[in-house]
2 protein chains.
Amino acid sequence: MRGLGLCRILIDAGIEAPLSNRPPVAQFERNAAARRRVFRAKEQSGSVPVICDGWATVVEYLPSGRRQILSFLLPGDLVSTNILFENRICHDVEAVTAVCHRTFDRAGLWETVVARPEVLESFVKNCVAEKHRHDELILDLGRRKAKQRIARLILELTSRLAVHRAVRSQTFNFPLRQTHVADALGLTAPYVNQVLKAFRKRRLIKLEKRSLTILDGAKLHRMIDE
Amino acid sequence: MRGLGLCRILIDAGIEAPLSNRPPVAQFERNAAARRRVFRAKEQSGSVPVICDGWATVVEYLPSGRRQILSFLLPGDLVSTNILFENRICHDVEAVTAVCHRTFDRAGLWETVVARPEVLESFVKNCVAEKHRHDELILDLGRRKAKQRIARLILELTSRLAVHRAVRSQTFNFPLRQTHVADALGLTAPYVNQVLKAFRKRRLIKLEKRSLTILDGAKLHRMIDE
DNA sequence: CGGCGGATTGAGTGCTCTCAACAGGAGTGG
DNA sequence: CCACTCCTGTTGAGAGCACTCAATCCGCCG
């Protein structure tokens, strides 16, 4: 599935300044294999990366080696909304599946955002949505139980994918490993496994061969606020 | 202590459009008593609130009644950086101490931010800092132990207050109750108490009569990455 | 077939919570 | 000025959610 949303808009706006003197558009895209690091956190970078295809994570490692996933990046997502304001990438980005991405020039992007109302609106929506997701994540980590966090993650991903028409009859491609879920929700893989097992037994979801089906979305929803 | 930073800049910029036809500047400020709700999350609001004096929290309640503090607001802080993009307040704001605040008109604020480079820079810095704090909070909640979270909170507040010259020889006014600390860090008040007791016994901090002194900042720092 | 990444499972542990009860201080009304 | 109440801090016993640390298994791929 190709990325829609902001990515499409930006590409349509044709703002790839730093690379635009090179010939074919296709070359602007880069690929990263599954499980590889796509970007390394670094100082100074004039580029704004966008995921065109595949799933990725924004991650941070503690000195102890523990990993926390700050957010999942789906096709069309800006790596970080803040990147428009900062001239550096703050966190590593790791591919979940094979990932296709491209980078935009920040200065050019900023001009476009300010100049074109439809791009600005799209960008602002993006900002707000990302902030909202982070707030909910804080609620999850701070005050919700493991099964509530997992239920919410599933529903959140569903609704994000639905925007991209990637959900058919409550079923969608689910490339996350249990370690991804664990590291995103402040849990451990074995415990995630246990909860997912319970979800399956209670016929809330079906999850096999990287395909997730929501069998009882209503019950999942109710579960969040128990 | 009066608020500096963004608040000062905004006031100096004189952008209080919706109220500017009323006579004395002092009237633009509102007060809220300690422990009271300052703002309620609501749809549609053209105003951008700023804390001029006192401490407040941005909070969210779960249906179960559990509370999560999303951030602490110190003098000079915008209630939410996102508020410039959204036309509503997303979360309740509760006063910790008595709070003095004022509201700016979003449209006017936006114009000023775009028009004045120094205001834009200040705003961008604010955005980035807030994002960074939220990322760290997610790391805390997801992957750090209670004592590490508390150590980090103390150090973070210290450095934020230091900007306002509110720290004298490692000592500053600390109005937070243990329930605030607990609800901010995903813990419970009795457990926070236990950890603070340990901190005191190990001579890391001194905390009495709403006054906090950092006795061994180096050790607190080291503790975070254990 | 061997090896790797990942899923599953289990036993044992511990960090943190829940639920109390109680104490002290600060304000408040009588 | 005292009784009273509301907060807040403190402390303890007991419980449980989730972790740690394995071991094992499975599917896939070279």
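Residues numbered from 1 in each chain as written. Chains lettered and ligands numbered in written order. Predicted model: local features only at pLDDT ≥ 70, side-chain atom pairs only at ≥ 80, totals over all residues. Heavy atoms only, no water.

Chemist: What is the right way to read the interface of chain A and chain B from this model?
Modeler: How large an interface is tends to be reported as the accessible area lost when its parts come together. Contacts between the two partners involve 34 residues from chain A and, on the opposite side, 34 residues from chain B. Buried surface at the junction of chain A and chain B, both sides included, amounts to about 3,300 Å², of which 65% is carbon and sulfur. Linking chain A with chain B are four salt bridges. Contributions of two or more residues to the side of chain A that touches chain B are made by strand S5 (67–73), helix H3 (117–143) and helix H5 (178–185) of chain A. In the side of chain A that touches chain B, the residues fall into 13 nonpolar, eight polar and 13 charged. (Contact = heavy atoms within 4.5 Å. Buried area = accessible area lost by both parts, 1.4 Å probe. Salt bridge = Lys/Arg side-chain N within 4 Å of Asp/Glu carboxyl O. Helix = DSSP H or I, 4+ residues; strand = E, 2+ residues; numbered from the N terminus. Nonpolar A, V, L, I, M, F, W, Y, C, P; charged D, E, K, R; others polar.)

Chemist: Even after reading the chapter, I still don't get the protein's contact with DNA strand D, so can you show me in this structure?
Modeler: Taken together, the neighbourhood of DNA strand D is formed by 16 residues, with Thr188 and Tyr191 of chain A together with Gln178, Asn193 and Lys197 of chain B sitting nearest. Restricting attention to atoms of DNA strand D within 4 Å of the protein, one finds that 84% of them are sugar or phosphate atoms. In the model, a phosphate oxygen of DNA strand D is placed 3.3 Å from a nitrogen or oxygen of the Gly186 of chain A main chain. The contact in question runs from a phosphate oxygen of DNA strand D to an N or O atom on the side chain of Arg200 of chain B, over 3.3 Å. For the surface near DNA strand D, the elements supplying multiple residues, two or more each, are helix H6 (189–201) of chain A together with helix H6 (189–201) of chain B. By residue number, the principal contributor to the surface near DNA strand D is H6 of chain B, which donates four residues. Class assignment of the residues belonging to the surface near DNA strand D gives a composition of five nonpolar, four polar and seven charged. (Near = heavy atom within 4 Å. Polar contact = N/O pair within 3.5 Å; in protein donor to acceptor, adjacent residues only side chain to side chain.)

Chemist: Can you help me understand the sheet that holds strand S10 (residues 211–214) of chain A in this one?
Modeler: Neighbouring strands of a sheet are bound in pairs by backbone hydrogen bonds; such pairs are parallel or else antiparallel. Residue and element names in this part refer to chain A. Taken in spatial order, the three strands of this open sheet run S8-S10-S9, and their pairing is antiparallel. Of all the strands in the sheet, the pair left with one neighbour each is strand S8 (171–173) and strand S9 (205–208). Neighbour to neighbour, the strand axes of the sheet diverge by 15° on average, direction disregarded. (Pairing = 2+ DSSP bridges. Axes fitted to C-alpha atoms, helices over the stretch in contact; angles between N-to-C directions.)

Chemist: Please clarify how the pairing of S5 of chain A should be interpreted in this entry.
Modeler: When a strand is regular, its side chains alternate between the sheet's two faces. Residues and elements named next belong to chain A. The element S5 is extensively covered by neighbouring structure, given that seven of its seven residues are classed as buried. Pairing of strand S4 (residues 56–61) with S5, which is carried by six bridges, proceeds in the antiparallel orientation. Bridge pairing links Tyr61 to Arg67 in S5. Two successive antiparallel strands, S4 and S5, enclose a turn made up of five residues, where Gly65 displays a positive phi of approximately 100°. (Buried < 20%, exposed > 50% of the residue type's maximum accessible area, 1.4 Å probe, protein only.)

Chemist: Can you help me understand the relation of the copies chain A and chain B in this one?
Modeler: Comparison of the two chain copies shows a relationship of rotation about an axis with a shift along it. Expressed as a screw operation, the relation of chain A to chain B combines 0.0 Å of axial shift with a rotation of 180°, fitting to an RMSD of 0.0 Å. Taken together, the rotation and translation relating the two chain copies correspond to the operation of a two-fold axis. (Least-squares fit on C-alpha atoms with pLDDT ≥ 70 in both.)

Chemist: Would you mind going over the packing of aromatic side chains with me for this structure?
Modeler: Between two aromatic rings, the relevant description is the distance of the centres plus the angle of the planes. All names here are of chain A. This structure, assessed with the given rule, holds six aromatic pairs over all chains. With a centroid separation of 6.4 Å and 75° between ring planes, the pair formed by Trp55 and Phe174 is classed as edge-to-face. With Trp55 in the loop between strand S3 (47–53) and S4 and Phe174 in the loop between S8 and H5, this residue pair connects regions lying 119 residues apart in the sequence. Looking at Trp55, the relative accessible area reads 6%, which means it is buried. Here Phe174 falls in the buried class, since its relative accessible area comes to 6%. Three or more aromatic residues joined by ring pairs form one cluster here, namely Trp55, Phe172 and Phe174. (Phe/Tyr/Trp six-rings, centres within 6.5 Å; stacked < 30°, edge-to-face > 60°.)

Chemist: Sorry if this is basic, but what is going on with the protein's contact with DNA strand C here?
Modeler: In the neighbourhood of DNA strand C, 16 residues make up the surrounding shell, with Gln178, Asn193 and Lys197 of chain A together with Leu187 and Tyr191 of chain B lying closest. Of everything in DNA strand C that lies within 4 Å of the protein, sugar and phosphate atoms constitute 83%. Take Gly186 of chain B: an N or O atom from its main chain is 3.2 Å from a phosphate oxygen of DNA strand C. Separating a phosphate oxygen of DNA strand C from a side-chain N or O atom of Thr188 of chain B is a distance of 3.0 Å. For the surface near DNA strand C, the secondary structure elements donating two or more residues are H6 of chain A together with H6 of chain B. Ranked by residue count, the leading element in the surface near DNA strand C is H6 of chain A, at four residues.

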